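Listed below are the residues making up each chain.
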Amino acid sequence: MKRFVIALAAVLLLCCGYQQTASADGPYHFGFKKSKNGQLPSINEEGFKEVLQKNEAIFLGDTSRKELYLTFDNGYENGFTPKILDVLKEKKVPAIFFLTGHYVEDKPELVKRMAAEGHLIGNHSWSHPDLTQISDAKLKEELKRVKDAVAATTGQQAMNFLRPPRGIFNDRALAVSRQEGYVSVFWSVAYKDWDVNDQRGADHAYRQVMAQLHPGAVILLHSISRDNTEALGRIIDGARQQGYEFKSLDALKVKTY
């Protein structure tokens, strides 16, 4: 497990808003121009906007409505998910948790709790590979193993959302995932929250998220972050004070690019 955690932490930097140069066919590392002062974020200059549109992936929801979609990536458990679930239950906020196979095997009781408390469970692949570097058959296997394991653990048969590991994708990976019944979910609010050795306190997390809020936002948080856990209640309250409503991802009907 230690090697898995180290490897996963080493690549999470790619998930939080930084794009590397890619060829016309990818692979792409998802990135975006962050929202500032209430302006909408943008992927107009990232080179992959048409790929997301073609495959009906999610970047933004309806930007005419003050709705927020809370998403968590759970590659491994760092002791904070129970508290996160406590806060979501207290505040009556829905979320989606994108799980790896390691997480499902390691923390079945938490997976059961997520489902029992009405949260969505999404696919984050079995072994967290670069989906652009594996075959179609292997990609399908990665997704199926997670779906089957979650079904065996919770009884939940449906799994409709995928977050590509590390935010790496290309047209083929998105297309194959879509053929398997998945909507690929990216994000429009994120910050460097994944480094467990660089936690800066709840105030930092609160400021980072609140500064980026915008209508239709898909918020990416990593559940391994102490800062996120301690700031979550304040983030929810602060967003609601600004007139935002938290919605379940399966209620997202309008995709904006």
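Quick caveat: nothing in here was measured; it's all calculated off a predicted structure.

K.L.:
So, the pairing of strand β8 (residues 217–222): which residues are in play, and what are the values?
P.N.:
Counting buried positions over the 6 residues of β8 gives 6, a clear majority of the element. Residues Ala217, Ile219 and Leu221 of β8 are buried on one face, and the alternating residues Val218, Leu220 and His222, pointing to the opposite face, are buried as well. When strand β2 (residues 67–74) meets β8, the two strands line up parallel, connected through 6 bridges. Residue pairing for β8: Leu68 is matched across the bridge by Ala217.

K.L.:
So what's going on with helix α9 (residues 226–241)? Which residues, and what values?
P.N.:
What sets the pattern is the α-helix's 3.6 residues per turn: residues three or four places apart point alike. For α9, built from 16 residues, the straight-helix expectation of 22 Å at 1.5 Å per residue is met to within 8% by its first-to-last C-alpha distance of 24 Å. Of all the bends found along α9, the most pronounced is centred on Leu232 and spans about 50 degrees. Residues of α9 that are buried: Asp227, Asn228, Thr229, Ala231, Leu232, Gly233, Ile235, Ile236, Gly238 and Ala239. On the buried face of α9, the contacting elements are β2, α3 (81–91), α8 (202–210), β8 and β9 (245–247). A distance of 3.2 Å separates the backbone nitrogen of Asp227 from a side-chain oxygen at the start of α9, and that oxygen is part of Ser225. Gly243 sits one or two positions beyond α9 and adopts a positive phi of about 95 degrees.

K.L.:
Hey, could you go over the environment of Pro129 for me, with residue numbers and the actual values?
P.N.:
With respect to the helices and strands, the residue Pro129 is situated in the loop between β4 (120–123) and α6 (136–154). Each C-alpha atom of the pair Pro129 and Pro164 lies 8.8 Å from the other, and the pair is 35 residues apart in sequence.

K.L.:
How would you sum up the nonpolar core? Please name residues and give values.
P.N.:
Core analysis: the largest hydrophobic core is formed by 47 residues, its most contacted members being Leu70, Phe72, Leu88, Phe97 and Leu232. Those residues within four positions of Leu232 in sequence are excluded, and the remaining contacts are Leu70, Phe72, Ile84, Val87, Leu88 and Leu221. Residues Leu120, Leu174, Ala190 and Leu249 belong to the second largest nonpolar core, which totals 27 residues.

Definitions and limits used
- Residues numbered from 1 in each chain as written.
- Predicted model: local features only at pLDDT ≥ 70, side-chain atom pairs only at ≥ 80, totals over all residues.
- Heavy atoms only, no water.
- Buried < 20%, exposed > 50% of the residue type's maximum accessible area, 1.4 Å probe, protein only.
- Helix = DSSP H or I, 4+ residues; strand = E, 2+ residues; numbered from the N terminus.
- Pairing = 2+ DSSP bridges.
- Expected span 1.5 Å × (residues − 1).
- Bend = angle between axes of the 7 residues up to and from the residue.
- Contact = heavy atoms within 4.5 Å.
- Polar contact = N/O pair within 3.5 Å; in protein donor to acceptor, adjacent residues only side chain to side chain.
- Core = buried A, V, L, I, M, F, W, Y, C linked by side-chain atoms within 4.5 Å.

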